[in-house]
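Coordinate analysis (summary)
Here's the letter readout for the chains.
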Amino acid sequence: MTEKAKAKRASGHKLVVVESPAKAKTIKKYLGREFEVKASVGHIKDLPKSSLGVDVDKNFKPTYELIKGKKKVVDEITKAAKKASSVYLAPDPDREGEAIAWHVAEEIGISKERIHRVLFNEITKQSVLKAIENPEPLNREKYESQQARRILDRLVGYQISPILWRKVRRGLSAGRVQSVAVRMIVEREREVTAFVPKAYWTVVASLTTDDVQEEFQARLVRIGDKKIDRTDLDDEHVAAEAVSESEKAQWNVISVQQKQRRRNPDPPFITSTMQQEGSRKLFFSAKKTMRVAQQLYEGIELGDEGAQGLITYMRTDSVRISPESITQARAVIEKTFGKAYVPNQPIEYKNKKNAQDAHEAIRPTSLEYSPERVKSFLDEEQFKLYEMIWKRFLACQMEQAVFDQTVVDMDAKVATGNVYGYRATGSVPRFAGFLALWQIDNEKDDTQTEQLPDIRESSRLACKKVASEKHMTQPPPRFSESSLIKELEEKGIGRPSTYATILSTIQDRKYAEKKENRFYPTDLGVLVTELLVENFSNIVDEQFTATMEDQLDQIEEGKADWIKTLRNFYAPFKETLKLANTQMRNVKQEETPTNLQCPKCEKSLVIKWGKNGKFAACQGYPECRFTSEFVQEGDTVKLVEHPTTDEKCTNCGAPMIVRMGRFGRFLACSEYPKCKTTKTITTGIQCPECKQGELSEKRTRFGKLFYSCSRYPSCKYALWNKPVKTACPMCSHPFIVEYRSKKEGGSLRCPNKECTYQEKIPDVLPSTGT
């Protein structure tokens, strides 16, 4: 060590290492000149990509190597550490953060006495200084838990995936948690497909009282002594008879029940519920929600006030809230809404049985930073998420919502002796409570029903009309991001920090795709799931996966040994691998006969698997290389007819046809595979940026539609909304766009941000030129 470095260490120079440059920037402003803050930029070491990296015969010893591109970062941290009197390792306070801390400690190679672990539940000056003053030792149990998970996932992924490569196609992957999620999507799709809708009828009467002529409605709930639930009335003739007889019946009020219903506020956010509400309310993907939450946690520049972390740590499964923040919340509620909205006692929420409770719930770090106060410093996504977190936190400490509910039971007596029971239910808000801040929207809310007129048991009823309506039972809904995360959490599959990655991976691997915000399994997802269920039933078993998560939690709590846990898993898994290598179906060699002949050589067509899924191919391959997309209805297979265009191939002069690829529609020569000429389909709308190319339809790797310049990558202009070949009537921009939102519906808008043109979408849109 140089004399200068020795002098620097002697002067008390300290080093803080975090994983994020944004976090480093924020923390640096809170600490004095004696502190230097460096960022590891995520993990610095990992198992090698090119090999298993785990010696199963030597107690699962992992071989870590520096991640490509991290040498310079590690060298800078090591150099700074050598000069420092103390090194504070401050990556995120979870398992992944602990692993980063351990790997940094190993690389810098200084004495353990100079290394300290600090945990920031929130990035505020008070929290950071308090953590620095109260450092902790590195947590071996938490690190070993992360290491066990990493090795477990590596053993599963790197030993099952090669079998799928040999049997199906290269590039496929299996994962301990992702494969279970795909199986859930596949099995839900089977439920939907197998569902047989059944007809049922509801009977509703429109009535008035002799006191008040205001009409109200009552639903048939009983025929004689038989109770009728909503879908029980499945006979149209019985429904018609109920209508006919009720219209002629003598109506009497049997009972009027009035009571109060109370609705409790929801707990503060944990990771999974934040992701669910982000999807449901904001239409954010889980990945986007976590990305924006990370920004709010690490710190936002608030003008003269400097950088400030606005929310607490966003990877948590605990609903615990600090007493100080509850006190602050109650004061803000009283000031904003009045004393009536503050409960007599602070509300405490109980964690679920398997919660780790390592961190507080997700909340604002300080209620001084209201959404309105910081709005000008946040982008649109940051503001929406922060406002949602802010409102949820305040609402969780507000009084219950109270509703006055009235239930009126009536009899319609027929001269023949038949009696039909009807019920009317009304509910009106009495006290808004937490609903004054946290609106329950976009979901079924049974507290919101019509208000009934003043009805007494002595009231005389007059029947104005009785009608029946036919309905069809509905299949279980396909999973949305929100409902899939909820299902994974309830079954104990994965942990809060893994959900966003799981949902991203299953789409990236083409095992599932989202249509209208619902997950549909792809043919590939169905096939891989079938193979895994047949050959690795434990790996895709929900209960087995949940049990493994519990065992990883026990390692972190010091109640289980990580090597013994892996050994117990690997012994039976190894035997299953041997069987799968020989017994798994070889899909690559499978050919399913069809009822079709090859249009080029008249040999039979068969269905095969390729890199883009199923396709029809000539049985005479390789002499005949004819292939085609197809659609299948039962046992009948039909080739997809590709629309022929007037455009000619620039290479051979044959007509160009429209085909579909992984990134959307394109023009291809009809003489393929002899001629492989292709061309982008454009909208006929000139690119407003380069004014040379035209806007063309493309798809992301997840299948989401967007429009970009045909000269990409020379020109990178792109937009999500569909362009319409009509000039803006306000600013004369050469085209407008079709904008669609679940909340706002459809509209035509100008892509020029300075233009306010907006028009409700018509039934028939102008042509886009495609």
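Below is a short write-up of the structure.

Cut-offs used in this document
- Residues numbered from 1 in each chain as written.
- Predicted model: local features only at pLDDT ≥ 70, side-chain atom pairs only at ≥ 80, totals over all residues.
- Heavy atoms only, no water.
- Disulfide = S-S within 2.5 Å.
- Buried < 20%, exposed > 50% of the residue type's maximum accessible area, 1.4 Å probe, protein only.
- Core = buried A, V, L, I, M, F, W, Y, C linked by side-chain atoms within 4.5 Å.
- Contact = heavy atoms within 4.5 Å.
- Helix = DSSP H or I, 4+ residues; strand = E, 2+ residues; numbered from the N terminus.
- Expected span 1.5 Å × (residues − 1).
- Arc of directions from axis to C-beta.
- Polar contact = N/O pair within 3.5 Å; in protein donor to acceptor, adjacent residues only side chain to side chain.
- Pairing = 2+ DSSP bridges.
- Axes fitted to C-alpha atoms, helices over the stretch in contact; angles between N-to-C directions.

Some points on the state of the cysteines
Using the criterion set out here, one finds zero disulfides in the structure. Unpaired in this structure, C750 has its nearest cysteine sulfur neighbour in C731, at a distance of 3.5 Å. Judged by its relative accessible area of 10%, C750 is buried.

Thoughts on the nonpolar core
Ranked by size, the top nonpolar core spans 121 residues in total, and within it I160, M274, L385 and F536 carry the most contacts. Look past the residues within four positions of L385 in its chain and what remains in contact with it is M274, L282, F284, T289, V292, A293 and L296. Counting 26 residues, the second-largest nonpolar core is a separate cluster that includes W201, V408, A412 and L452.

Concerning helix 17 (residues 542–556)
Across its 15 residues, helix 17 extends 22 Å between first and last C-alpha, which sits within 8% of the 21 Å expected from 1.5 Å per residue. Taken together, the buried positions of helix 17 are occupied by T545, A546, M548, E549, L552, D553, I555 and E556. End-on, the buried residues of helix 17 take up no more than an arc of 165 degrees, which puts them together on one face. Looking at the buried positions of helix 17, the neighbouring elements they touch are helix 4 (95–108), helix 6 (140–167), helix 7 (178–194) and helix 18 (562–583). With a side-chain oxygen lying 3.2 Å from the backbone nitrogen of Q543, the N-terminal cap of helix 17 falls on D541.

Overview of the side chain of Q382
Take Q382: it is sitting in helix 13 (residues 380–395). Among the polar contacts listed, one links the side chain of Q382 to the side chain of Q295, at a separation of 2.9 Å.

Looking at the sheet that holds strand 35 (residues 736–741)
One key point about sheets: their strands pair by backbone hydrogen bonds, in either a parallel or an antiparallel sense. Spatial strand order, 34-35-36-37: four strands in an open sheet with antiparallel pairing. Edge positions in the open sheet fall to strand 34 (722–724) and strand 37 (758–760), since each of these has one partner strand only. Averaged over all neighbouring strand pairs, the angle between strand axes comes to 35 degrees, with direction disregarded.

So, the sheet that holds strand 2 (residues 35–39)
Strand order across the open sheet formed by four strands is 2-1-7-8, with parallel pairing between neighbours. Each edge of the sheet is formed by a strand with only one pairing partner; in this case those strands are strand 2 and strand 8 (115–117). Averaged over all pairs of adjacent strands, the angle between their axes in this sheet comes to 25 degrees, without regard to strand direction. Pairing analysis gives three bridges linking strand 7 (residues 86–89) to strand 8, with the strands arranged parallel.

Thoughts on the side chain of R176
Assignment of secondary structure puts R176 in the loop between helix 6 and helix 7. Overall, the relative accessible area of 3% leaves R176 in the buried class. A distance of 2.8 Å separates a polar atom in the side chain of R176 from a polar atom in the side chain of D153. Within the structure, R176 has its side chain in polar contact with the side chain of E549 (distance 3.3 Å). Excluding its chain neighbours within four sequence positions, the residues that come into contact with R176 are R149, L152, D153, V156, I539, T545, M548, E549 and L552.

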